[in-house]
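What follows is the residue order along each chain.
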Amino acid sequence: MEPVETRRGRWRSKRAAEDSQPVPGRSVCVVGGGPSGLACCKRLCDAGLRVTLVQESRGLGGKLCTKFVNGKEDPTLHFDMGVQLLRPAGPLADQLKEIVEPWPKAGRYKRISCAGDWSRWYVSSTQDLPVDNLVVGVPSMSAIGRHLADQCPNLQVHIDRTAHVEGRKYATGQWVVNWSRQEANLGQLRYRPELAEKVEEVERGEFDAVVLAFEANKILRGCKSGYKMVQPSITPSLRQRLDKRTKTSQCWNLMVAFDQELPMPWDAAMVDGHGALAWVAVDSSKPSRAKVPQCFMVFSTNEWAAWKQWSKKEVERVLLNDFLAFLKEVLGSWPPAPCFVLSGRWGNNTEAVITGVPPSGDFPARALGHFEGPGAPIWDREERMGATGDWARGFSVNDAYSAGLEMADAMLDDLQGKLAGG
């Protein structure tokens with residue numbers, strides 16, 4: 001079900017017209033539109049609270065994102081920049097039935113072991129991996145975020161806006177939050193040229209509670225990056241419970257396209273033992289995707305990303321050379337020159353979580369798991385602020401979604417009594 005456009009950067013679910021109106025006097029601002037934030041919104045909206053979601057990027061879903069280089073109207077160049085595939089489990093599984101299809105096919109998902117050194121990496125063995133219950137979003141991974149948001153009755157959404165939590169009003173105790181879009185830096189403009197259009201509008205709301213649903217590192221330290229710039233607003237109580245219990249890392253990705261189809265013997269591969277490469281996928285093999293140009297998504301290892309302070313141009317040269325040499329090993333001959341190359345960086349990948357569960361492999365492979373035990377929702381009942389993310393449970397989209405539900409449940413246990421009278 002598609003959202004209804006209301007104002008620039010804002011939309012609301014069509015379910016708002018179909019469901020009962022929210023209970024007046026109980027309002028929550030959720031900052032962050034990834035799986036955790038969307039799950040929290042779902043639970044709170046279903047409970048009748050008035051919920052506003054503010055998301056800093058132009059789409060919902062967090063790392064469930066697809067980049068259409070020429071815009072959504074021309075989907076020929078398409079790259080799943082974050083999560084590559086899902087194995088839905090727990091509460092998330094029921095929410096995705098209408099928006100996913102199986103991928104990859106049996107025999108087309110591999111674990112490729114490499115050996116060698118920086119002078120040459122070669123393929124030492126190839127192993128089939130199980131494809132049971134593996135799916136991708138259709139027609140793109142980005143569609144999943146919008147689908148999840150549309151399940152939230154009366155949810156008000158502001159996209160492509162950075163939220164600033166100003167503080168609580170002395171007279172009412174409500175949190176004051178404003179959202180706007182700051183000026184982009186040069187790197188962001190190269191990646192998103194449309195950010196050159198300035199947006200002067202600043203909107204503001206007052207809320208009974210706030211939930212910070214994004215990366216733990218940014219919750220603790222804020223962000224100094226261009227249009228995403230924001231100061232940390234976490235309460236001292238939450239900071240004490242979150243600080244030093246989580247850890248982040250970074251990885252680089254590379255979007256590469258060829259103007260002809262290469263005879264690939266697989267569609268997705270976890271890469272072990274290679275100094276630079278952790279994952280390679282043929283995004284063009286995913287359902288409902290354009291086949292030509294043939295689009296590949298490449299992810300670096302954490303170690304390669306941490307080796308030095310890479311520039312995007314360096315990544316587009318060095319990591320590309322490693323990828324082309326890898327394809328030569330796979331295909332038996334050098335591939336043609338690519339027709340498109342673009343790099344990207346995920347700077348706050350979850351590396352350590354509050355539950356203590358260890359990661360399994362590099363991102364994106366680690367995003368397939370599901371932690372069966374209880375999470376650790378962080379809710380400051382005195383200040384009425386919460387924090388959530390995958391870091392509260394594990395490393396997968398399943399974990400992130402469950403963490404958001406647990407955050408909402410903790411809030412509702414406390415808020416139902418406190419806010420019933422407004």
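Criteria and cut-off values
Residues numbered from 1 in each chain as written. Predicted model: local features only at pLDDT ≥ 70, side-chain atom pairs only at ≥ 80, totals over all residues. Heavy atoms only, no water. Helix = DSSP H or I, 4+ residues; strand = E, 2+ residues; numbered from the N terminus. Buried < 20%, exposed > 50% of the residue type's maximum accessible area, 1.4 Å probe, protein only. Areas by Shrake-Rupley, 256 points an atom, 1.4 Å probe, with all protein chains shown as cover. Pairing = 2+ DSSP bridges. Axes fitted to C-alpha atoms, helices over the stretch in contact; angles between N-to-C directions. Core = buried A, V, L, I, M, F, W, Y, C linked by side-chain atoms within 4.5 Å. Contact = heavy atoms within 4.5 Å.

Draft legend 1. Examining the overall build of the protein more closely. On a plain count of helices and strands, the protein comes out with 9 helices and 22 strands. For the protein, with 422 residues in total, the buried portion stands at 56%. A total accessible area of about 17,900 Å² is found for the protein, and carbon and sulfur atoms account for 49% of it.

Draft legend 2. Molecular detail of unusual backbone geometry. For the bond running from Trp103 to Pro104, omega is -5°, close enough to zero to count as cis. As for its position among the elements, Pro104 is in the loop between strand E7 (100-102) and strand E8 (109-117). Despite not being glycine, Asn133 has its phi angle at roughly 65°, a positive value. As for its position among the elements, Asn133 is in the loop between strand E9 (120-128) and strand E10 (135-137). Asn133 sits in the exposed class, given a relative accessible area of 59%. For Asp160, which is not glycine, the phi torsion reads 60° and is therefore positive.

Draft legend 3. Spatial organisation of the sheet that holds strand E14 (residues 203-207). A sheet is described by the order of its strands in space; here 3 strands give the open sequence E12-E13-E14, paired in antiparallel fashion. At either end of the open sheet lies a strand with only one pairing partner, and these are strand E12 (162-168) and E14. Strand-to-strand, the axes of this sheet are offset by a mean angle of 25°, without reference to chain direction. Across 5 bridges, the pairing between strand E13 (residues 175-180) and E14 is antiparallel. What sits directly across from Val176, in E14, is Glu206.

Draft legend 4. How the structure looks around the nonpolar core. With 68 residues, the main nonpolar core has Val30, Leu44, Leu86, Tyr109, Ile144, Leu155 and Met411 as its most contacted residues. Not counting residues up to four positions away in its chain, the partners in contact with Leu44 are Val28, Leu49, Val51, Ala408, Met411 and Leu412. Counting 27 residues, the second-largest nonpolar core is a separate cluster that includes Leu254, Val271, Trp304 and Leu327.

Draft legend 5. Region of interest: the sheet that holds strand E19 (residues 294-300). Spatially, the 7 strands line up as an open sheet ordered E9-E8-E17-E18-E19-E16-E20, and their pairing is mixed. The two strands at the open ends of the sheet, each matched to only one other strand, are E9 and strand E20 (340-352). In this sheet, adjacent strand axes meet at a mean angle of 20° when their direction is disregarded. As paired elements, E8 and E9 share 8 bridges and run antiparallel to each other.

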